[in-house]
Amino acid sequence: MRKVLFVKANNRPVEQAVSVKLYETFLKSYVDSHPEDQVTELDLFQAHLPYLDATMINGAFKFSQGIPLTPEEKQVTDIATKYLDQFMAADKIVIGFPLWNLGVPAVLHTYIDYLNRAGTTFKYTAEGPIGLASGKKVALINARGGYYSDGEAASSEMAVNFVVRNLYLFGIREITKVIAEGHNKSPKLRGKIIEDAIQLAVETAKTF
Ligand SMILES: Cc1cc2nc3c(=O)[nH]c(=O)nc-3n(C[C@H](O)[C@H](O)[C@H](O)COP(=O)(O)O)c2cc1C
């Protein structure tokens, strides 16, 4: 039995949101094909996560150094630690998110802020940071209205790239991507782009 964490970072309705459609398709296909696994869902918009700020930065630093935290620092650091522990306990993680304004929804940024904890997901060494979360598999389920796979636009895409670079920092290299893109740019191809991505989500989930 594998522990699988599904993280959802879009609260638009499934009828309107391509990334939610892909996420839900992947989730259903995964559960159907892996009935023995323990699946947990985390809806980031429902979680109402406090932003990373001075109090949380100080709390996380003291936590990693074994220094006592103030009550305020403990309160917000405990919230981050709860999500960090849940992430570390998972064998596989699936993250569903849209491209918004060239980046990730703020809730996903905040969640990844929580995962960046020296001593837990990575450690500093004289040769640079070393990831401590290797061995996990991650699937990124994403939709973006424009086309960013190559050309000049590729470097403007800071959602999938942002998540991937953070996972690399944590030592996670087994990353599978299911991406629908260009459906807002090409109205004629919209239906086919989305349908192909849905099929890819179904098939990828079976072997993830
Ligand atoms: C607030 C907002 C910002 C967006 N920013 C971009 C963007 O920077 N580039 C882009 O190609 N599409 C952008 N889109 C379009 C989405 O990427 C597209 O609708 C995609 O399917 C993901 O959103 P969805 O899962 O809600 O459908 C944006 C959409 C919204 C609602």
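Going by what an unreviewed UniProt entry lists, the chain is known as FMN dependent NADH:quinone oxidoreductase and is assigned to Paenibacillus baekrokdamisoli. The UniProt entry for the chain carries the following comment under Sequence similarities (unreviewed entry): "Belongs to the azoreductase type 1 family." Regarding the chain, the UniProt comment filed under Subunit (unreviewed entry) reads as follows: "Homodimer."

### Observations regarding the overall build of the chain
Across its full length, the chain holds 7 helices and 7 strands. Relative to a compact globule of 208 residues, whose C-alpha radius of gyration would be 17 Å, the chain shows 18 Å and is just as compact. With respect to the three principal axes, the spread of C-alpha positions in the chain is 60 × 40 × 35 Å. Looking at the chain residue by residue over its 208 residues, the buried ones come to 35%. Sequence-distant contacts in the chain: of pairs separated by 6 or more residues, those separated by 24 or more amount to 74%.

### Observations concerning the site of the ligand
Among the 16 residues in the neighbourhood of the ligand, the closest are listed as Ala-17, Ser-19, Pro-98, Gly-145 and Gly-146. When residues of the shell around the ligand are traced back to their parent elements, those giving at least two are α1 (18–33) and β6 (137–144). If one sorts the elements of the shell around the ligand by residue count, α1 sits on top with 3 residues.

### Here's the deal with the packing of helix α3 (residues 54–65) against helix α4 (residues 71–89)
Running from N to C, α3 and α4 cross one another at 80 degrees; their axes reach a closest spacing of 8 Å. One element, α3, and the other, α4, form an angle in the roughly perpendicular class. In this structure, α3 uses Thr-55, Met-56, Asn-58, Gly-59, Ala-60, Lys-62 and Phe-63 to contact α4, whose residues at the interface are Glu-72, Glu-73, Lys-74, Val-76, Thr-77 and Ala-80. Taken together, the residues that form the contact of α3 with α4 break down as 5 nonpolar, 4 polar and 4 charged.

### Observations concerning the environment of Asn-184
As for its placement among the helices and strands, Asn-184 is situated in the loop between β7 (174–181) and α7 (190–207). When the C-alpha atoms of Asn-184 and Gly-146 are compared, they prove to be 6.2 Å apart, with 38 residues separating the residues in sequence. Sequence-distant contacts of Asn-184, defined by excluding residues within four places in its chain, comprise Gly-145 and Gly-146.

### Side note on the sheet that holds β6
Strands sit in the order β2-β1-β3-β6-β7 across an open sheet of 5 strands; the sheet is parallel. Of all strands in the sheet, those with a lone pairing partner are β2 (38–43) and β7, marking the two edges. Along the sheet, successive strands turn relative to each other by an average axial angle of 15 degrees, direction set aside. Inspection of the sheet shows strand β3 (residues 92–98) paired to β6 by 7 bridges, in the parallel sense. Counted as the bridge partner of Lys-92 is Lys-137 from β6.

### Notes on the nonpolar core
Among soluble globular proteins, nonpolar side chains are generally buried collectively. In this structure, Val-7, Leu-22, Phe-26, Val-94, Ile-95, Tyr-111 and Ile-141 are the most contacted members of the largest nonpolar core, which totals 50 residues. In terms of residues, this core owes the most to one element, α1, which gives 7 residues. In contact with Val-94, not counting residues within four places along its chain, are Val-4, Phe-6, Val-7, Phe-26, Ala-139 and Ile-141.

### Examining the pairing of β2
With 6 bridges joining them, strand β1 (residues 3–8) and β2 adopt parallel strand pairing. Within the sheet, the bridge partner assigned to Val-7 lies in β2 and is Leu-42. At this point the chain moves from β1, through α1, to the parallel β2, and the crossover so formed is right-handed.

### Brief notes about the pairing of β6
Here β6 lies mainly inside the structure; 6 of its 8 residues are buried. Looking at chain direction, β6 and β7 are connected through 8 bridges and run parallel. The residue bridging Lys-137 from the neighbouring strand is Glu-174, located in β7. For the crossover from β6 across helix α6 (residues 160–169) to β7, the handedness is right-handed.

The rules we used
- Residues numbered from 1 in each chain as written.
- Predicted model: local features only at pLDDT ≥ 70, side-chain atom pairs only at ≥ 80, totals over all residues.
- UniProt positions renumbered as here; feature names shortened; annotations may be inferred.
- Helix = DSSP H or I, 4+ residues; strand = E, 2+ residues; numbered from the N terminus.
- Rg over C-alpha atoms; globule rule 2.2 N^0.38 Å.
- Buried ≥ 20, exposed ≤ 12 C-beta atoms within 10 Å, placed from the backbone.
- Contact = placed C-beta atoms within 7 Å.
- Near = placed C-beta within 6 Å.
- Axes fitted to C-alpha atoms, helices over the stretch in contact; angles between N-to-C directions.
- Parallel < 35°, antiparallel > 145°, perpendicular 65-115°, else oblique.
- Nonpolar A, V, L, I, M, F, W, Y, C, P; charged D, E, K, R; others polar.
- Pairing = 2+ DSSP bridges.
- Core = buried A, V, L, I, M, F, W, Y, C linked by C-beta atoms within 7 Å.
- Right-handed = clockwise from strand over helix to strand, strands pointing away.

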